[in-house]
Structures are given as C-alpha cells and as structure tokens.
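# Structural characterization, general
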Amino acid sequence: MIDKSIIEAENAKRAAALRADYDALGENLARRGIDIAAVKAKVASYGVAVPSWGVGTGGTRFARFPGAGEPRHIFDKLEDCGVIQSLTRATPAVSLHIPWDKAPAADLLAKAAQLGLRFDAMNSNTFQDQPDQPHSYKFGSLSHADRATRAQAVEHNIECIEIGRALGSKALTVWIGDGSNFPGQTDFTRQFERYLESMKQVYAALPDDWRIFSEHKMFEPAFYSTVVQDWGTNYLIAKELGDKAFCLVDLGHHAPNVNIEMIVARLIQFGKLGGFHFNDSKYGDDDLDTGSIDPYRLFLVFNELVGAEGKAGFSPAHMLDQSHNVTDPIESLMVSATEVQRAYAQALLVDRKALAACQDGNDALMATTTLKHGFRTDVEPVLAMARMEAGGAIDPVATYRASGYRAKVAAVRPRVTGGGGGIV
Ligand code: LRH
Ligand code: MN
Ligand code: MN
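Source: prediction; values computed, not measured.

### A short note on the overall build of the chain
Check the secondary structure of the chain and you find 15 helices and eleven strands. On C-alpha atoms alone, the chain measures out to a radius of gyration of 22 Å, which is about the 22 Å that the 2.2 N^0.38 rule sets for 424 residues. Expressed as lengths along the three principal axes of its C-alpha atoms, the size of the chain is roughly 65 × 60 × 40 Å. Looking at the 424 residues of the chain, the share that counts as buried comes to 45%. Relative to all contacts within the chain whose residues are 6 or more apart in sequence, the contacts with residues 24 or more apart total 80%.

Below, the structure is given as structure tokens:
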C-alpha cells in the first residue's frame, strides 16, 4: 500500500542518527548486563492486532466528524490496516467485528494475504439491532428475559465462530451491553443465570483449538447495572464455562484509579487471562490512544506480562480497541502500536532478580526505583531499528505523511457526511 521507495527514502534521511542512538543505547544497556540485540529480537517478534472498527473515525453519542478518505467497507479497512502494518511491522493481524465486517471468506482471505495480514479474535455484536432481525436487543441479548431473543443472540455468536473458522481465527470475544438503567429493573441473579446459560451454548459450539474471551465493562450503555461489570464476574464466567474460556481486559473498562495491573496479575495467577483491548482513558471508556494519558500504567501492565512469560499455557491475545475523533485513525493506530511495543521493551529491561530481592528485603524505595529504571529508559532506537530491519519505517508517521496515502484514497473513496452518534 505504501511504495517501498518512499519508505527507503524516508529511512535514508534518518538511518545514520538511528545507528548512533542505537549504539549509544547498546553501550548503556551492556553496562546493565542487557544485550540490546536480544531485546530487539523480542520486540521484532511482538505483534498487536488492529481493530477493524478503529480505522474509521469513531464519534461520540453527540456527533461524528468523519475525515477524508474514510474506509467504505471491510476491504478498505483492510487496506488501511495494511498501511499500518507495512510502516510499523508491529500489527500483523486484524480483529473483525460481525456483522460490520461481513463479507465472503474467500475474498477476505485473498485481501488479507495480499496485504500480509491475518485474522485475530472475532468480535460478536449483540449490542445493536440489525435490519431484519426478529428480536430487539433493547432490553438485553444473551441475558434477555425472553428465550427467543437469547436464542437469536446465541445463534449470532455461533455464526461468528463459523465465520472466524473460515478465516483462520482462533478466538471469539464476547462483549454485551446487557444490564439495567433503574434499580429494580432486573433481578441481578436471574439475569446472570440467563447469561451463563446462553454462554454455555456458545461455548459448546467452540472448536477444540478455540478460546472464548468474555470482556467486562463497568457501565455503558447500561447505566445502573451491567451483567459483566468487572473482573470478578468475568472470572466467575470463565471458571463456570471451562478450560477454553478466558477473561479479556479492556483497559478503558474500569473506574478511574483501579489497579489494572493487579487485576492482570490475578488473572495470570489463576490461568484466566485471555487478552487485552489496549487503549487509554482519563474518565471512563474514553477509547483514547494507547499510552496517551498514562504510559506508566501501560508499562506496569507489561511488567506483569513479562514476569509471566514462559508460564505454561500463557498466551494472551493483544489487540487495540480505540476510537479516533480528532486524528487520522491510521496515524493514531500506528503510534498506539508503537506505544504498546515501547511498554513491552521497557518491561523487558527490568532487573527482575534485583526487584525480587528488594521485595523480599522490604526495600520499597529501591523496588520501585528498579521498576522506574526500566520505564525511564528511552527504548525508541530499539523499536526503530526493529522496524527498519523488518522493512518498516524508522518514523512511521512522517513516512505516512510523505506517502500522501490519505489524499490518494480520498480521491477514490467518496466523502462521508457527519451527523449521528458514534458506535464505540
Ligand atoms: C465496548 C467495546 C467492545 C466492543 C467494542 C466496539 O465498549 O470495548 O470491545 O466490541 O467496544
Ligand atoms: Mn473493547
Ligand atoms: Mn469499550
């Protein structure tokens, strides 16, 4: 999607400075007993999936302000994802949302192969009504009081598995908006029983080598109670369903100040961490760019993940889940993928032996300083070198802008008008 010659020309402007910065960092890390090449190799093998729904401008419930060259359908979306991957080399997979991305499997596979992409977890959607759907989700889906509505939601999830199977996906993520808006509107227990019964039916349709991820979220669209509201309920679900069921942690789905890294640690300890939706937030489910508000928290999450590397059966799925309102979504997703990689690289630098010794010796100050040492290290040269060696851009955003991609697609993709609320 981006001409190789543009990447090469842009890299040529920056290669000498990168080499000097990389060598200087290499010397610094060597003094700390860290081999920069080993860190680079790990960073190079790291990937985070792009959400198909993230490449279009999101919007809020007040308005949507589309940009130029908005993707018209899943094939345009995949092309945009291809751009992100070709420049960052950190996003080899795309996570699809059904029915938004419904299209013939052969066409999706052909397009993905052409762009060097594959498909990560499938996402079902029973938080909106679709045209021609017999039963409405206004009062819930998998936990609805009406059996036929629940059955329709179960069927949809099974269809998502079938679509994903044809695409080489290996997981289904289920997020529902079910809950209530008024005290007394629903019976918490009966509603959760209905949810579990429905999820058991979906679970029964899961192929042997698939996983199902339930995603918790504190509130919204239900504003009084939500069926899958926190990691505790999520853990109960995963336990209740079985070995193929895991919890998905969307960073924006918690109250402000909640210790998310500790939730991650707990789920790892009990073998139920399924994956992530990375984003950032200041107030609620803001879906801001990953690392844009609190990069230290992202680092602390990765500190837990690196600490668990190698644990039997530990392989959480890494996906972005963002909504872009004031930026070019391609640029935001490229920067976000890099931020996730940065947090990973910084967490790799933590001296875990020293940290454990500080913890066991009750040296709180040196324990936290040991962590900070990793976070404070500017690892950009490692990330940029890994990108360049993989054929990507030293500076993805500058290279993207130099390519004129957005103007080119704007010429063939008709302008979308604004208005209406967003969806995520
Ligand atoms: C819900 C959510 C969930 C949906 C996506 C569109 O807030 O995070 O992951 O599938 O947004
Ligand atoms: Mn999410
Ligand atoms: Mn969300």
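### Considerations on the pairing of strand 9 (residues 245–250)
Among the six residues of strand 9, six are classified as buried, and the element is accordingly described as predominantly covered. Burial along strand 9 is two-sided: Ala245, Cys247 and Val249 facing one way and Phe246, Leu248 and Asp250 facing the other are all buried. Relative to strand 9, strand 7 (residues 211–215) is paired through four bridges, and the arrangement is parallel. Note that in strand 9 the partner of Phe213 across the bridge is Phe246. The pairing of strand 9 with strand 10 (residues 273–278) spans four bridges and is classified as parallel. Bridge assignment links Val249 to a residue of strand 10, and that residue is Phe276. A crossover links strand 9 with its parallel partner strand 10, the connecting element being helix 8 (residues 260–269), and its sense is right-handed.

### What to know about helix 7 (residues 231–241)
Within helix 7 the residues assigned to the buried category are Trp231, Asn234, Tyr235, Ile237 and Ala238. Down the axis of helix 7, the sector holding all buried residues measures 155°, keeping them to one side. Exposed positions of helix 7 whose direction lies more than 90 degrees from the buried face are Gly232 and Lys239. Here the buried face of helix 7 lies against helix 6 (188–204), strand 7, strand 9 and helix 8. Positive phi appears at Gly242, one or two residues downstream of helix 7, with a value of about 140°.

### Section: the UniProt feature "domain: Xylose isomerase-like TIM barrel" (unreviewed entry) in the chain
What UniProt calls "domain: Xylose isomerase-like TIM barrel" (unreviewed entry) maps, in this numbering, to residues 93–287. Along residues 93–287 the backbone is 36% helical and 16% strand, and the end-to-end C-alpha distance reaches 20 Å.

### Description of unusual backbone geometry
Across the junction of Ile98 and Pro99, the peptide omega takes the value 15°, indicating a cis bond. The residue after Glu220, namely Pro221, is reached through a cis peptide bond having omega 10°. Tracing the sequence through the fold places Pro221 in the loop between strand 7 and strand 8 (225–226). Of note in the backbone geometry, Asp132 takes a positive phi value of approximately 70° without being a glycine. When you line up the elements, Asp132 lands in the loop between strand 4 (122–123) and helix 5 (147–167). A count of 5 C-beta atoms within 10 Å places Asp132 in the exposed class.

Reading the values: rules and limits
All residue numbers refer to position in the chain's written sequence, counted from 1. All chains are assigned letters beginning with A, and all ligands numbers beginning with 1, in the order in which they are written. The predicted nature of this model means local features are confined to residues of pLDDT at least 70 and side-chain atom pairs, given and counted, to a pLDDT of 80 or more, with totals for whole chains, interfaces and linings taken over all residues. A helix here means a DSSP run of H or I that spans at least four residues, while a strand means a run of E at least two residues long, and both kinds are numbered starting from the N terminus. Every radius of gyration here is taken over C-alpha atoms, with the globule rule written as 2.2 Å times N^0.38, N being the number of residues. As a rule, residues whose C-beta atom has 12 or fewer other C-beta atoms within 10 Å are exposed, those with 20 or more are buried, and those in between are partly exposed; C-beta atoms are placed from the backbone. A pair of residues counts as a contact when their C-beta atoms, built from backbone coordinates, are within 7 Å of each other. At least two DSSP bridges between two strands are needed for those strands to be called paired. Look down the strands so they point away from you; if going from the first strand over the helix to the second traces a clockwise path, that crossover is right-handed. Regarding the arc, it is the one traced by the directions from the helix axis to the C-beta atoms. UniProt positions are given in the numbering used here, feature names are shortened, and annotations may be inferred rather than shown by experiment.

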